[in-house]
Amino acid sequence: MRWARSIRGQAIIGPVIEDYGGGVVAVDSRMNGWERITAVYYLPGPRPAIIETAPATSLEHVLSGLEEAGAADLDWIVLTHIHLDHAGAAGHLAQRFPRARVVVRAEGAPHLVDPSKLWQSASRLYDDMEGLWGRMIPVSPDRIDAVSTDGVVADLGDGRRLEAVYTPGHAAHHMALFDREGGDLFTGDALGVYLSELGAVHPATPPPEFDLEAGLDSIERLRALGPRRVFPTHFGALPEIDPLFDEASQRLWDAVSIAEKVVAGGGGLGEVTRAFRTEEESRVGELDARLAERLARTTSYGLNARGVARYLTKRRGIQVPA
């Protein structure tokens, strides 16, 4: 265990990397100075890969963790989707590892080549864009493998391959990655968030593309793969598989149901936000300030409420008052 310096300047302690065995190492990106919030998964081998990049503000920690894990070079930079906490440092890491191919769903690829629209969209949700995410730089289009179908997208050597599995719901450009040989499944945000101290699934339903039906279908597609281990980006290996697949589905159902009931009773976005926290605390116990803030760093109750509200308006014609 060694000290690391956070982007906010405070000293934080804890391992920068966590080796799960079987060729999976989690690099703790220390996103926004918080431990065990967002992982970058390093897959060593003849043709090494990372899954996710974290934001540009985490670049120092990601590079430090990769160095500690023994990653002298990369052949693959694979993204589950292009939200800034998952892909914000893609351009920086593509420059640092010039032979690496950048693998992303085709819908997201144009936003890596020209991040301006992605940045503008995210700026509607966050006030301190530079402070939270750093600077997103373009990826050259000739470095990108744009994925439009399921199947093998990265050959890691020694018979190990990553397969893309299209998993919309959290976002229309979302895919999971499956190592069929080892049984390891990297779910991005398709199952939501699982922080160990919460001990429960926290849903991730942000705007503008959350879709309940697509999300539920994606969860079942992932379950049908029969994974031996499951690694959400937030954060680390799930302690159980089938029960948490069930819980992930239930949390999405609950989010939409709660929002509908609040709106039917005359409530608006603020009331939906508060109802989401109240419901979660009824299941897991009252959240202390630190855990509540850690969850907010992954996806906040307010962000989830806005995503569900947009879904209700688009898909069910229900207007949610601001």
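What you see is a predicted model; the values in this text were computed from it and never measured. (Residues numbered from 1 in each chain as written. Predicted model: local features only at pLDDT ≥ 70, side-chain atom pairs only at ≥ 80, totals over all residues. Heavy atoms only, no water.)

A. Main features of the sheet that holds strand 10 (residues 151-157). If you trace the five strands from one edge of the open sheet to the other, you get 10-11-12-13-14, paired in mixed fashion. The open sheet has two edge strands, strand 10 and strand 14 (229-232), and neither has a second partner. On average, adjacent strands in this sheet sit at an angle of 20° to one another, irrespective of strand direction. In this sheet, strand 11 (residues 160-166) lies alongside strand 10 in antiparallel orientation, the contact comprising five bridges. Counted as the bridge partner of Ala154 is Leu162 from strand 11. (Pairing = 2+ DSSP bridges. Helix = DSSP H or I, 4+ residues; strand = E, 2+ residues; numbered from the N terminus. Axes fitted to C-alpha atoms, helices over the stretch in contact; angles between N-to-C directions.)

B. Molecular detail of the pairing of strand 3 (residues 17-21). As defined by bridge partners, strand 3 adjoins strand 4 (residues 24-28) across four bridges and the pair is classed as antiparallel. If you follow Gly21 over to strand 4, its bridge partner there is Val24. Hairpin connection of strand 3 to strand 4: two residues between the antiparallel strands, including Gly22 at a positive phi of 65°.

C. Representation of the confidence of the model for the protein chain within the structure. For the protein chain, per-residue confidence averages 91 on the pLDDT scale, and 95% of positions sit at 70 or higher. Per-residue pLDDT stays below 50 along residues 1-13; that stretch engages in 39 contacts with residues further than four places along the chain or on separate chains. (pLDDT = per-residue confidence, 0-100. Contact = heavy atoms within 4.5 Å.)

D. Molecular detail of empty space enclosed by the protein. Overall, the coordinates contain three cavities of 30 Å³ or more when judged by the stated rule. By volume, the largest cavity is sized at about 110 Å³. What lines the largest cavity is a set of 13 residues, and nearest its centre among them are Pro203, Ala255, Phe276, Glu279 and Glu280. Looking at the lining of the largest cavity, the elements that each hand over two or more residues are helix 8 (242-264), helix 9 (269-284) and helix 11 (301-316). Split into classes, the residues belonging to the lining of the largest cavity amount to five nonpolar, three polar and five charged. Taken as a whole, the second largest cavity encloses approximately 100 Å³ of empty space. For the second largest cavity, the lining is made up of 16 residues, of which His170, Asp189, Ala190, Ala204 and Leu252 are closest to its centre. Mapped by element, the contributors of at least two residues to the lining of the second largest cavity are helix 7 (212-224) and helix 8. Split into classes, the residues belonging to the lining of the second largest cavity amount to eight nonpolar, seven polar and one charged. (1 Å grid on protein atoms, 1.4 Å probe; cavity = no way out; pocket = protein on both sides within 12 Å on 5 of 7 lines; lining within 4 Å. Points joined across faces, edges and corners; volume = space filled by probe spheres on them. Nonpolar A, V, L, I, M, F, W, Y, C, P; charged D, E, K, R; others polar.)

E. Structural view of the pairing of strand 11. Counting buried positions along strand 11 yields five of seven residues, so the element is predominantly enclosed. Following strand 10, the chain reverses through two residues before pairing antiparallel with strand 11; Asp158 in that reversal takes a positive phi of roughly 55°. In this sheet, strand 12 (residues 175-179) lies alongside strand 11 in antiparallel orientation, the contact comprising four bridges. From the neighbouring strand, Tyr166 faces strand 12, where its bridge partner is Met175. (Buried < 20%, exposed > 50% of the residue type's maximum accessible area, 1.4 Å probe, protein only.)

F. Quick peek at the packing of helix 8 against helix 9. As a packed pair, helix 8 and helix 9 sit with axes 10 Å apart at the nearest point and diverge in direction by 135°. With respect to each other, helix 8 and helix 9 are oriented oblique. Handedness of the helix 8/helix 9 crossing: right-handed. Residues Glu247, Arg251, Asp254, Ala255, Ile258, Ala259, Val262 and Val263 of helix 8 touch helix 9, and the partners they reach there are Glu271, Val272, Ala275, Phe276, Glu279 and Arg283. Considered class by class, the residues forming the contact of helix 8 with helix 9 number eight nonpolar, no polar and six charged. (Parallel < 35°, antiparallel > 145°, perpendicular 65-115°, else oblique. Left-handed = near helix turned anticlockwise from the far one by under 90°.)

G. Here's a closer look at helix 10 (residues 289-298). Turning to helix 10, its buried residues number three or more, namely Leu291, Ala292, Arg294, Leu295 and Thr298. The arc that holds the buried residues of helix 10, viewed along the axis, is 160°, so those residues lie on one side. Along helix 10, exposed side chains directed more than 90 degrees from the buried face belong to Ala289 and Arg290. The secondary structure elements touched by the buried residues of helix 10 are helix 2 (84-87), helix 9 and helix 11. (Arc of directions from axis to C-beta.)

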